[in-house]
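The residues making up each chain are set out below.
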Amino acid sequence: GEMVELCEKVQLGPAKLGDVDGEEMLTVTVPPTRSDILHAVDVAEDIGVAFGFNNIVKKVPKTCTVGGEQPLNKLGDLLREEISRAGYTEVLTHGLASIHDNFTALRLPTTPAVSLSNPANIDYQVVRTTLLPGLLLTLKHNKSASFTSGFKLFEISDVVLRDDDHVVCDSIVGARNARRICAVYAGPTSGFEIVHGLVDRIMTLCEICPETEYVSNSLKKGSGSDDNFADEEEKCRVTREGWYYRVVEGDDSIPTYFEGRSAHVLMRSPNTNGEEIRVGTFGILHPEVLNTFDILYPATSMELDLEALLW
């Protein structure tokens, strides 16, 4: 009864208590004048304001839980610190992009994406499906900076992908978030080996072991007798059991990269039942891409799926 009176007090009426599926439920009618009410929690907040938060009796919770950071966020924070130490500058770009920047400028076909029905301007048409356009636009707007020793940028953030099977709260939302890590190097040279080194560094930090065949391609060959390692130094590597990765030559399936100058990062783990999946790519950006973004120096970029690297 008191809650009904409080609802009337804040213009959330008529309100009434009734039985719904055997449970007592408060039904509130939201008038047109209360356009700020979007969810049931807004009603609960207004009732709390009407009652007075200082009047609520404090009680010890019946449950005992320990708060903690989400594993994916924790991994992202740790990688941010380590990548910054490698000389890369972190940027935070907008989550919305134009169809031209997200697809056409990267020489990619226009695929289904989450789009805005009434965008404010042409730059905010779709939710980005890759982090690369934001980094390239950052390079474009920083042409006055020195590229003599290379210009390194990276971003760890979410992209949104169409997914008709993704379910949240028993509802098919048709899209899902994916945490990605993207980096770009631009300078007097393409810097392919620099970005390749960053990929290996990220895998090392995530305790993912390189395949024996991949290690054997290194110029640093040791005399190790262990069959699992081709390099003496590999014996000191800390890795997770069953997690392996390798880098293979790209098949030119991604036209964003220069032909014959790209690579795929393949990984297998207990999460994939031992099957190899592609968790990322890197390569020298195609001259047409650089020209579209008005970048005057050769550049190499990489993008990895961060969620695939979690336990």
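Predicted model only: the values in this text are computed from it and were never measured.

Within the chain, the secondary structure is distributed over 8 helices and 14 strands. Taking 311 residues into account, the globule formula puts the C-alpha radius of gyration at 19 Å, and the chain, at 26 Å, lies well above it. Projecting the C-alpha coordinates of the chain onto the three principal axes gives extents of approximately 80 × 50 × 35 Å. Here the chain holds 311 residues, and the buried ones make up 39% of them. Of all intrachain contacts in the chain linking residues separated by at least 6 positions in sequence, the fraction that spans at least 24 positions is 62%. A total accessible area of about 18,400 Å² is found for the chain, and carbon and sulfur atoms account for 52% of it. The centroid of the 28 positive side-chain charges in the chain is displaced by 4 Å from the centroid of its 47 negative side-chain charges.

Mapped onto the elements of the fold, Thr256 is located in the loop between strand E11 (244–249) and strand E12 (257–268). By relative accessible area, Thr256 is classed as buried at 4%. There is a polar contact of 2.7 Å between the side chain of Thr256 and the backbone oxygen of Leu106. Residue contacts for Thr256: discarding those within four places in its chain leaves Leu106, Leu108, Leu132, Ile284, Leu285, His286 and Val289.

A surface patch of nonpolar side chains, amounting to about 370 Å² of accessible area, comprises Val49, Phe51, Phe53 and Ile56. Mapped onto the fold, Phe51 is located in helix H2 (residues 40–51). Taking the relative accessible area as the measure of exposure, Phe51 reaches 32% and is therefore partly exposed.

Time to look at the confidence of the model for the chain. Detailed reading of predicted coordinates is not advised where the pLDDT is low. Within the chain, residue pLDDT values average 88, and 92% of them lie at 70 or more. Segment residues 222–230 is flagged for pLDDT under 50; beyond a separation of four residues in sequence, or across chains, it makes 17 contacts in the model.

Whether parallel or antiparallel, the strands of a sheet pair through hydrogen bonds between backbone atoms. As summarised here, the arrangement of the 8 strands in space is E3-E6-E9-E14-E13-E12-E11-E10, forming an open sheet in which the pairing is mixed. Edge strands, defined here as strands with exactly one partner in the open sheet, are strand E3 (89–90) and strand E10 (209–210). Across the sheet, helix H3 (residues 71–85) touches E3, strand E6 (151–162) and strand E9 (175–186), and the angle it forms with E6 is around 160°. Contacts from helix H5 (residues 132–140) reach E6, E9, strand E13 (277–285) and strand E14 (299–305), with the element oriented near 35° to E9.

Turning next to the packing of H3 against helix H6 (residues 192–205). The angle between the axes and the distance between the axes are what describe a pair of packed helices. H6 packs onto H3 with a crossing angle of 140° between their chain directions and a minimal axis gap of 11 Å. Viewed along their axes, H3 and H6 adopt a mutual orientation that is oblique. Considering how the two elements wind past one another, H3 and H6 form a crossing that is right-handed. For the pair H3 and H6, the contacting residues are Leu79, Glu82 and Ile83 in the first and Leu198, Arg201, Ile202 and Leu205 in the second. In terms of residue class, the contact of H3 with H6 is built from 5 nonpolar, no polar and 2 charged.

Reading the values: the criteria
- Residues numbered from 1 in each chain as written.
- Predicted model: local features only at pLDDT ≥ 70, side-chain atom pairs only at ≥ 80, totals over all residues.
- Heavy atoms only, no water.
- Helix = DSSP H or I, 4+ residues; strand = E, 2+ residues; numbered from the N terminus.
- Rg over C-alpha atoms; globule rule 2.2 N^0.38 Å.
- Buried < 20%, exposed > 50% of the residue type's maximum accessible area, 1.4 Å probe, protein only.
- Contact = heavy atoms within 4.5 Å.
- Areas by Shrake-Rupley, 256 points an atom, 1.4 Å probe, with all protein chains shown as cover.
- Lys, Arg positive; Asp, Glu negative; His and termini not counted.
- Charge placed at Lys NZ, Arg CZ, Asp CG, Glu CD.
- Polar contact = N/O pair within 3.5 Å; in protein donor to acceptor, adjacent residues only side chain to side chain.
- Patch = residues over 30% accessible without salt bridge, like charges linked within 9 Å, V, L, I, M, F, W, Y side chains within 5 Å.
- Salt bridge = Lys/Arg side-chain N within 4 Å of Asp/Glu carboxyl O.
- pLDDT = per-residue confidence, 0-100.
- Pairing = 2+ DSSP bridges.
- Axes fitted to C-alpha atoms, helices over the stretch in contact; angles between N-to-C directions.
- Parallel < 35°, antiparallel > 145°, perpendicular 65-115°, else oblique.
- Left-handed = near helix turned anticlockwise from the far one by under 90°.
- Nonpolar A, V, L, I, M, F, W, Y, C, P; charged D, E, K, R; others polar.

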